[in-house]
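Given next are the chains, with one letter for each unit.
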Amino acid sequence: MAIAWPWLDRLAARAPVAIFVAVGRDAIERVEDLSLDARIAWVASPRHADVLLVAGRVRSEDAPALRAVHDQIPAPRKTLWWGSTPFQELVLPMVLPLADEASLPILSLHTRVSNSEPDWLPDVPPNPWQGLGPNGQGGKDMMGGVPYGRPMAMTDDDSRDGLQLDQTTVQIGPFLQTWPAGLVLELALQGDVVQHARVVHSPCGPTKGLREGVSSRLRSAARLLRLLELGSLAERCLRVAAAHDRCQPVELAALRAAVRRSGAFAALPAGLGACRLDGAPSDIRSRLLAWLGNDADPSKDATTEPKPKLSGLLLGLEWNEAWLVINSFTPQQLHGMAVPEKAPVKGDDNTTNSARSAMEHAH
Amino acid sequence: MNSLVALLLVTVIGLAAGLLLQFAFCLRGDMVVSNPQATPFLGGGSMPTHAWQRFHARYYPMALLFIAFEMEMMFMYPWAVVFVQEGIKALAEMGMFLAILSVGIVYAWREGVFRWQ
Amino acid sequence: MNAATAVGATLLLMLGGAWLVAVFDRIAAALVARRPVGSLWLGPLQSGASLLVSRTNQTEHPDALNWALAPALYLVLAFVGVALVPFSTSGALVDIPAGIVLWGAVESLTVVAVFLHGWSANALFPLLGAYRYVAVGLPIMLVSMFVLIAAALPAQSLALGAIVQSQAGLWNVVRQPLGLPLFLLLGLSLTLRGPFNYADSADLAGGTDAERSGPPRAVWQWARLSMAVSFSAMAATVFLGGPLGPAWGTAELGPLWLTLKTAVVLALLVAASHLLARMPPSRMLTLLWTVLLPLSFVGLVAAGIEAAP
């Protein structure tokens, strides 16, 4: 808190608490209902957050990512474990069962507690400086080692026209705002175009018993609308879904008309994310329309057709389109599509195996 | 007050407001962060390289097309001022200029310059 | 007008106007989401205070100088835009014979400011936001400049005071109907809102702002809101007659009319940012170059035919 002006602190204390949510298993609906509370602001980046909310069970393979995201929250930071088991080494973690309401605990955590939590990862630079000579000079490649702890992106063939430009391999992690919970993708990006995609961890799929009814389809539609910068319309979808969960009658025609008027269907390119799903061809537009539709029949998982692979659908798409495609499937559909794949044989630090780069590194 | 002095004054005040507000709270010890906090946010994922990298050159033809139209805009500035006294003939001349450059847009479109991929 | 009152008025317009934009934002979000508005008037101040009270973040090897200068540059551009606008028929704070050209410079430098903000962080999400924004921000600038030149045709001058005078009979929004809608699209792009929010977008976890926290983020958000005010004042001047009021109004009421018209354009801008969807960049690029730019040509030709004797 600021040392200088107490009135600024008092004013700031009344603002909504910014939370960054690490969503685990079966918790996304609870989190979305929590975000409808006016005193809570669900932010997209941990830098903008005051409190980390760990909602639902986080798998053990996602624990390092959780530690990384926690440490990226600027001080003062606090954590609330909502329906999940805290790490062993933590002193007096704040835990809450998933069935309880989290708004008041978050508010009290934010205002009452002023101590910041320490880092959960050791304080080491990403790569130590590596050189050969006594002053750090020499070393391999053009830069003589690893400058400033990270190498520069090296070139590789572009899939569009074979131009050799910088390509970098990124692991996009499980804890993002509009992202299937638990999905970890490894993308080889050229600029913002996906050259290769690989599923590292599959999403924590829904456990059996989670209904795929009107409410869950509206929630999927809300996620897609948020990506189209229609945050308020997405919130309206979530409110309708929450009303449906409380067994109130809901009318979807007005909502569908509002979405159509906003140009959401026109903004989505036709044929984006086209694949055969549940026995019928569909693309992102038809899936969004189905989610906002009135038909009450749930998705039939009983087709014998193999599900399309998510990593295949993402090839060659640019970033925005890739995110739209990833979010155009319900959690149930995505569970069969995003199966973890083995890494290809790597030639050098961050270049994938390709004949040309193998020849270059032979020199 | 002289316009240029006013412009300078407004610029200085804006810069001062922007910079001072950013650094007014510096004494809190903001600037020291640990290595885990400084890591770029990727949803918990990792990126082994710097983010600074080159993007595909397909971006640049679009920028060149933009420059062409920008130069046309430069010519339109004085044209707009004398248009009324020159009459409809000036409209025809500017129309020809625009038409020639529009051929450039059509060519770029067919070449796929606007496909961001 | 003397220096102190003019500069004070500009500063007041920026702070008060930014607050008004934030208030409009809350109203629009509540209306679209069908929920009650909470803490309407103090809410923006509380959010701003919470930003100022947070800590500043650093990344591994940012371009520290540009990272600090980018929000300040954005703010300066907003200030310059407001200084160009004639508050009353006696003139503007910066009264130059080519006001439109200086506004064009403001638009171009906004693209630079947003790109620098994304570049400096040395992180993936901000950088992608910056690159995408440049690709879309440049063509929309062309559209806006053709629209402004069309408005300059009947005035036979590039000065904003002359453009205001040329609307004494009929406002440009009626005389050149394509002008204001196309100019509003530019406003969405300059303020990183709604369908043109390629820089600070939801699919990039906040985009150029993703790695920022604390007072620098507060300045960036203030600059975005101030740019909305500046753009709206410009649009009100060029299309809605600026400080011109009804025939019975005195010259002193000029600032009042300008403020009202600016508020109207602000409301339109905020409504558009909450109600329109954003396309993927390639689709938007195609739309811009093949539909919107030819539309602005058509508007220009129509304005020329109408203005010629």
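Residues numbered from 1 in each chain as written. Chains lettered and ligands numbered in written order. Predicted model: local features only at pLDDT ≥ 70, side-chain atom pairs only at ≥ 80, totals over all residues.

Is there a simple way to explain the overall build of chain A in this structure?
Along the backbone of chain A there are 13 helices and 14 strands. Burial status across chain A gives 43% buried among its 363 residues. Here the contacts in chain A between residues at least 6 apart in sequence split such that 62% fall between residues at least 24 apart. (Helix = DSSP H or I, 4+ residues; strand = E, 2+ residues; numbered from the N terminus. Buried ≥ 20, exposed ≤ 12 C-beta atoms within 10 Å, placed from the backbone. Contact = placed C-beta atoms within 7 Å.)

It is not clear to me how the overall build of chain B should be interpreted in this structure. Could you clarify?
Scanning chain B for helices and strands turns up four helices and zero strands. Starting at the N terminus, the α and β elements of chain B follow one another as α-α-α-α. A compact globule built from 117 residues would reach a C-alpha radius of gyration of about 13 Å, whereas chain B, at 25 Å, exceeds it by more than 25%. Projected onto its principal axes, the C-alpha coordinates of chain B cover approximately 65 × 50 × 15 Å. Among the 117 residues that make up chain B, the fraction classed as buried is 31%. (Rg over C-alpha atoms; globule rule 2.2 N^0.38 Å.)

Hey, could you run me through the interface of chain C and chain B in this one?
Often, the extent of an interface is quoted as the loss of accessible area on bringing the components together. The interface of chain C with chain B comprises 61 residues on the first partner and 53 residues on the second. If you list the elements that add at least two residues to the side of chain C that touches chain B, you get α1 (3-33), α3 (64-84), α5 (124-155), α9 (215-239) and α11 (281-307) of chain C. With twelve residues, α5 of chain C is the largest single contributor of residues to the side of chain C that touches chain B.

I keep staring at the domain arrangement of chain A and nothing clicks. Help me out?
All names here are of chain A. If you check the domain split of chain A, you get domain 1 (6-112) and domain 2 (214-337). Here domain 1 and domain 2 have C-alpha centroids that lie 27 Å from each other. Each partner contributes to the interface: domain 1 provides four residues, whereas domain 2 provides five residues. The residue inventory of the side of domain 1 that touches domain 2, partitioned by class, reads one nonpolar, no polar and three charged. (Domains from an automatic or database assignment. Nonpolar A, V, L, I, M, F, W, Y, C, P; charged D, E, K, R; others polar.)

Teacher, can you tell me more about the environment of Leu 65 of chain B here?
Residue and element names in this part refer to chain B. Residue placement: Leu 65 occurs in helix α3 (residues 59-86). Of the residues examined, Leu 65 has 22 C-beta atoms within 10 Å and is grouped as buried. Once the C-alpha coordinates of Leu 65 and Leu 101 are considered, the two residues, 36 residues apart in sequence, prove to be 8.9 Å apart. The residues contacting Leu 65, other than those within four sequence positions of it, are Gly 104, Ile 105, Ala 108 and Val 113.

Sorry if this is basic, but what is going on with the sheet that holds strand β4 (residues 78-82) of chain A here?
In any sheet, the strands associate via hydrogen bonds between backbone groups, in a parallel or an antiparallel arrangement. Residues and elements named next belong to chain A. Taking strand neighbours across the sheet as the criterion, the five strands line up as β2-β1-β3-β4-β5 in an open arrangement whose pairing is parallel. The sheet terminates laterally at β2 (40-42) and β5 (94-96), the two strands that pair on one side only. Between one strand axis and the next, the sheet turns by 30° as a mean value, whatever way the strands run. Note that strand β3 (residues 51-55) and β4 share five bridges and pair parallel. Residue pairing across strands places Val 54 opposite Trp 81, the latter belonging to β4. (Pairing = 2+ DSSP bridges. Axes fitted to C-alpha atoms, helices over the stretch in contact; angles between N-to-C directions.)

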